Amino acid sequence: MAKYRIRGARPLYGEIEISGAKNAAVAIIPAAIMSGGVCRIENIPQISDVTMFLDILDELGADIKTVNRHTMDIDCSGIKIPRATFDAMRKIRASYYLLGALLGRFGEAEVAMPGGCNFGGVRPIDQHLKGFRAMGAEIRIVNNGVIKAKAPGGRLKGADIYLDVVSVGATINLMLAGAMADGTTVIENVAKEPHIVDLANFLNSIGADIRGAGTNVIKIRGKEKLGGGFYSIIPDQIEAGTYLAAVAGTGGEVLIKNVIPKHLDCITGKLEDMGVEIENREDSVLVRRTGKIRKTRLKTLPYPGFPTDMQPQLATVLCLADGTSTVTEGVWENRYRYMDELVKMGASVQVDGRIAIIEGVPKLIGAPVQAHDLRAGAAMVIAGLCAHGVTEISGIEYIERGYEDIVEKLRNVGADIEYVYDAPKISRSARNIG
Ligand code: UD1
């Protein structure tokens, strides 16, 4: 298996170009199922979660043409059977969006339950199912974790739905389902993340009528048909935040290009608290850190709060702060498994439930560490870039689910990071030959 080897403690200087948003791409690609024509989608990130999703659409019968590295023409008009029970479905969390998209278009769906990042806690989908049921779907969970859903009469009905918890996934799934339902759907207490707005914009660009995305209430007038279109995915807020955090940790000065600075306010505001200099430009952000990292208090919340998907990266930087910081995880029950890896590198951390107390240390020391999930993996990369000596990170397949060309992007700003491959194990008899 490949690993990343990093020789750290070097400041970063230069420019990094941000790719399209993973979490928008994994919503917009299945949304294309609802289109009756060709959707040309630009700024698709080249990451394994997207490749797996495109494979799933291909298995379903979609016609996908690559226009260039980041642009695809997706034609789902050939999909006839709303059944997605392939193995690949279990490998990505967002595969549950096929429930909303297939139910919306066909009035029925059979979908394998998702996998994806395991932060160590339960990842329920009760709010998704509650919404589909309110829209008239009958839902059964059959053996092997496959969900069968069917709308009597072949079409979902618009409904008023109140989400008990602010859920990104449920908001997206119910927007998909409502886009082609019969009548009006109103969803209250919805998530407001930039990729929710991006999905609404995409669906509206192919003929849907969705209003209020980005506020607490989304109102959808269902349409019988949606057409084709042309759409460009927004830049990845979390990828940008990860590189901002990396520069905060290592010091240096980097221009983060192709971003929407407004989407980063929740991250850059916290970095400024920590003594990092931030300069917003039209579609880029300059980040500079020359002085000490200041301690802070951090709490993750749904957007526009500080994103949980940036918690491991920022907590890693706080390991080097001047003083003791407190981190509170407000979204997931258990998202601190990666802290054990930081402790191996010399961090001083105490975790109690959703709270982590981080006492800053003068330096981290390179060590062999493991990426347990996507963002925990990003945190390991940041720790390695900051640490003195050599860090080897295994489990990098998690990192490559969500970061396009991370090694190349970091090398371009002066990081010493490379792929290393374990030598294949050679049997004793083979070793003796010659
Ligand atoms: C999405 C992101 C993930 C991010 C998370 C929160 C994608 C593909 N993934 O995950 O990276 O960490 O948003 O920003 O976009 N919940 C319920 N019932 C439900 C659904 C959720 O109780 O039916 C709870 C969850 O346990 C969690 C909270 O709601 O505590 C937020 O989850 P949710 O926003 O749904 O996360 P995902 O959409 O899975």
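Our subject in this report is the structure included herewith.

1. Looking at empty space enclosed by the protein
Here comes step 1: Overall, the coordinates contain 4 cavities of 30 Å³ or more when judged by the stated rule.
Here comes step 2: Its boundaries defined by the atoms lining it, the largest cavity holds a volume of some 80 Å³.
Here comes step 3: Contributions of two or more residues to the lining of the largest cavity are made by α1 (22-31), α6 (194-205) and α7 (237-250).
Here comes step 4: When its residues are assigned to classes, the lining of the largest cavity shows 5 nonpolar, 3 polar and 3 charged.
Here comes step 5: Split by domain, the residues of the lining of the largest cavity number at least three in each of domain 1 (2-18 + 235-421) and domain 2 (22-232).

2. Describing the pattern of salt bridges
Here comes step 1: Going through the model one piece at a time under the given rule, you end up with 27 salt bridges.
Here comes step 2: Where Arg335 meets Asp309, a salt bridge forms, and the shortest distance between an N and an O atom there is 2.8 Å. Taken as a pair, Arg335 in the loop between β19 (324-328) and α10 (339-344) and Asp309 in the loop between β18 (297-299) and α9 (311-318) lie far apart in primary sequence, 26 residues in all. Like Asp309, Arg335 is buried.
Here comes step 3: Sharing partners across several salt bridges, the network here consists of Lys3, Arg5, Arg7, Arg10, Glu392, Asp416, Glu418 and Asp422.

3. Observations regarding the sheet that holds strand β7 (residues 108-112)
Here comes step 1: The mixed open sheet is built from 4 strands, whose spatial order is β6-β7-β9-β8. Strand pairing shows two members of the sheet lacking a second neighbour, β6 (83-84) and β8 (138-142), which therefore form its edges.
Here comes step 2: Inspection of the sheet shows β7 paired to strand β9 (residues 146-150) by 5 bridges, in the antiparallel sense. Bridge pairing in β9 places Val111 opposite Ile147.
Here comes step 3: The sheet contacts of helix α3 (residues 97-106) involve β6, β7 and β9, and relative to β7 the element is tilted by about 160°.

Criteria and cut-off values
- Residues numbered from 1 in each chain as written.
- Predicted model: local features only at pLDDT ≥ 70, side-chain atom pairs only at ≥ 80, totals over all residues.
- Heavy atoms only, no water.
- 1 Å grid on protein atoms, 1.4 Å probe; cavity = no way out; pocket = protein on both sides within 12 Å on 5 of 7 lines; lining within 4 Å.
- Points joined across faces, edges and corners; volume = space filled by probe spheres on them.
- Helix = DSSP H or I, 4+ residues; strand = E, 2+ residues; numbered from the N terminus.
- Nonpolar A, V, L, I, M, F, W, Y, C, P; charged D, E, K, R; others polar.
- Domains from an automatic or database assignment.
- Salt bridge = Lys/Arg side-chain N within 4 Å of Asp/Glu carboxyl O.
- Buried < 20%, exposed > 50% of the residue type's maximum accessible area, 1.4 Å probe, protein only.
- Pairing = 2+ DSSP bridges.
- Contact = heavy atoms within 4.5 Å.
- Axes fitted to C-alpha atoms, helices over the stretch in contact; angles between N-to-C directions.

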